[in-house]
Amino acid sequence: MKQPILWIISGKAASGKDTVGSLIADVVSRHHGVSTVRRYSFAARLKTIEAGVWGPVGTDYADKARRRSRYIALAAAVRAFDEDAWARIVYDQIVADQPDHAIITDCRYRNELSLFMASTAIIGIPVRVEAPQSVRAERMAARGTSWAEYEPFADHVSECELDDQITVRPWSVIVNDGTDAELRATVEKFVEMSMEVPF
């Protein structure tokens, strides 16, 4: 059985995790002859449960941001019984699907990262996306929300637990504070470097 390569992306809100995930998918598809690239999310099942109780999520970013407190509470309730529960759902799906490359854009906890990095069935590549607070605040405003709405959650463990990746794995950090072209060039270089490592 082949080992899917999993890009495990972490970062604070509005740092550009989804954008980096999309760029990685594009780069490995275009330049590395990869036939299957699939995206996964720890929060997908969580959001389905939340929407089942409080209704479908609106298409605007502001509605998604307002639901953040419920997402955090629901996730914590499950983690209190089994901290690996959300990660295991995604892990089992990736192992079952066997894509060439898999991408997760919402890794938030150390145990989630550790579960995938320790696996012999998956090759994990951690990616940390960083952006200054001022840049993140501008992005939030452009999406129709504000820093003030986000600020109560800024110090929550789900936002901060993987901050140490900047020093633990400095080579895994992608700084997203420039233009789209600059970010693409950074991601292309990062993917090239990562793919050169013998797995």
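Per chain, residues are indexed from 1 in the order of the written sequence. In keeping with the predicted nature of the model, local features appear solely for residues at pLDDT of at least 70, side-chain atom pairs appear and are counted solely at 80 or more, and the whole-chain, interface and lining totals rest on all residues. To get the side-chain values, take all heavy atoms of the structure and skip hydrogens and water.

K.L.:
Even after reading the chapter, I still don't get the overall build of the protein chain, so can you show me in this structure?
P.N.:
Along the protein chain, the regular secondary structure elements total eleven helices and five strands. Radius of gyration means the value over C-alpha atoms here, while the globule rule gives 2.2 Å times the residue count to the 0.38 power. Against the compact-globule benchmark of 16 Å for 199 residues, the protein chain has a radius of gyration of 17 Å, which places it among compact chains. Projecting the C-alpha coordinates of the protein chain onto the three principal axes gives extents of approximately 45 × 40 × 30 Å. The classification of residues rests on relative accessible area computed with a 1.4 Å probe and restricted to protein chains. Under 20% of the type maximum is buried, over 50% is exposed, and intermediate values are partly exposed. When burial is assessed residue by residue, the protein chain has 45% of its 199 residues classed as buried. A contact between two residues is defined here by any heavy atoms of the two lying within 4.5 Å. Across the protein chain, every contact between residues at least 6 apart in sequence was considered, and the portion connecting residues at least 24 apart equals 77%. Counting from the N terminus, the helices are DSSP H or I runs at least four residues long and the strands are E runs at least two residues long.

K.L.:
What is the right way to look at the sheet that holds strand 4 (residues 123-130) in this model?
P.N.:
The strands making up a sheet are joined through hydrogen bonds of the backbone, oriented either antiparallel or parallel. Pairing between strands requires that DSSP locate at least two bridges from one strand to the other. Ordered in space as 2-3-1-4-5, the five strands form an open sheet in which the pairing is parallel. Taken across any chain shown, the strands that pair with only one partner, and hence form the sheet edges, are strand 2 (37-40) and strand 5 (173-175). Shown here is a sheet whose adjacent strand axes are inclined to one another by a mean of 25°, direction ignored. In terms of strand pairing, strand 2 meets strand 3 (residues 101-107) through four bridges, oriented parallel. Its bridge partner lying in strand 3, Val-37 is registered against His-101. Fitted lines through C-alpha atoms serve as axes, helices being fitted only where they are in contact, and the angles separating the N-to-C directions of these axes extend from 0 to 180 degrees. In this fold helix 11 (residues 180-195) packs onto strand 1 (5-11), strand 3, strand 4 and strand 5, with an angle of close to 135° to the strand it touches most, strand 1.

K.L.:
So what exactly am I meant to see when it comes to the layout of surface pockets here?
P.N.:
Left-over empty space is what a probe sized like a water molecule reveals as it rolls over the atoms. Grid spacing is 1 Å over the protein atoms alone, the probe is 1.4 Å, and a cavity is where that probe fits but cannot get out, while a pocket is an open set with protein on both sides within 12 Å along at least five of seven lines and lining residues have an atom within 4 Å of a point. Grid points are joined across faces, edges and corners, and a volume is the space filled by probe spheres set on the points. Of the volumes computed, that of the largest pocket is approximately 870 Å³. The wall of the largest pocket is formed by 31 residues, among which Ala-43, Lys-47, Arg-68, Asp-106 and Arg-108 lie closest to the centre. For the lining of the largest pocket, the secondary-structure elements that each account for two or more residues are helix 1 (17-31), helix 2 (43-54), helix 3 (61-66), helix 4 (68-81) and strand 3. Broken down by element, the lining of the largest pocket gets its largest block of residues, six residues, from helix 4.

K.L.:
Could you clarify how one ought to interpret the state of the cysteines in this entry?
P.N.:
Two cysteine sulfurs form a disulfide in these notes if their separation is within 2.5 Å. Tallying each qualifying case throughout the model produces zero disulfides. Left unpaired, Cys-107 is separated from the closest cysteine sulfur, that of Cys-160, by 14 Å. Assessed through its relative accessible area of 25%, Cys-160 is described here as partly exposed.

K.L.:
Explain the packing of aromatic side chains to me, please; I cannot follow it from the model alone.
P.N.:
For any pair of aromatic rings, geometry is given as the distance between the ring centres together with the angle between the planes. A pair of Phe, Tyr and Trp rings is counted when the ring centres sit within 6.5 Å of each other, with Trp represented by its six-membered ring. The angle between the planes then sorts it: under 30 degrees is stacked, over 60 is edge-to-face, the rest tilted. By the definition in use, this model includes four aromatic pairs. Their ring planes at 55° and their centres at 6.2 Å tell us that Trp-7 and Phe-190 sit as a pair that is tilted. With a gap of 183 residues between them, Trp-7 in strand 1 and Phe-190 in helix 11 connect regions that are remote in the sequence. There is no split in this pair, since Trp-7 and Phe-190 are both buried. With 5.9 Å between their ring centres and 45° between their planes, Phe-42 and Phe-116 make a pair best called tilted. One end of the pair, Phe-42, is in the loop between strand 2 and helix 2; the other, Phe-116, is in helix 6 (residues 110-117), with 74 residues separating them in the sequence. In terms of burial, Phe-42 and Phe-116 fall into one category: buried.

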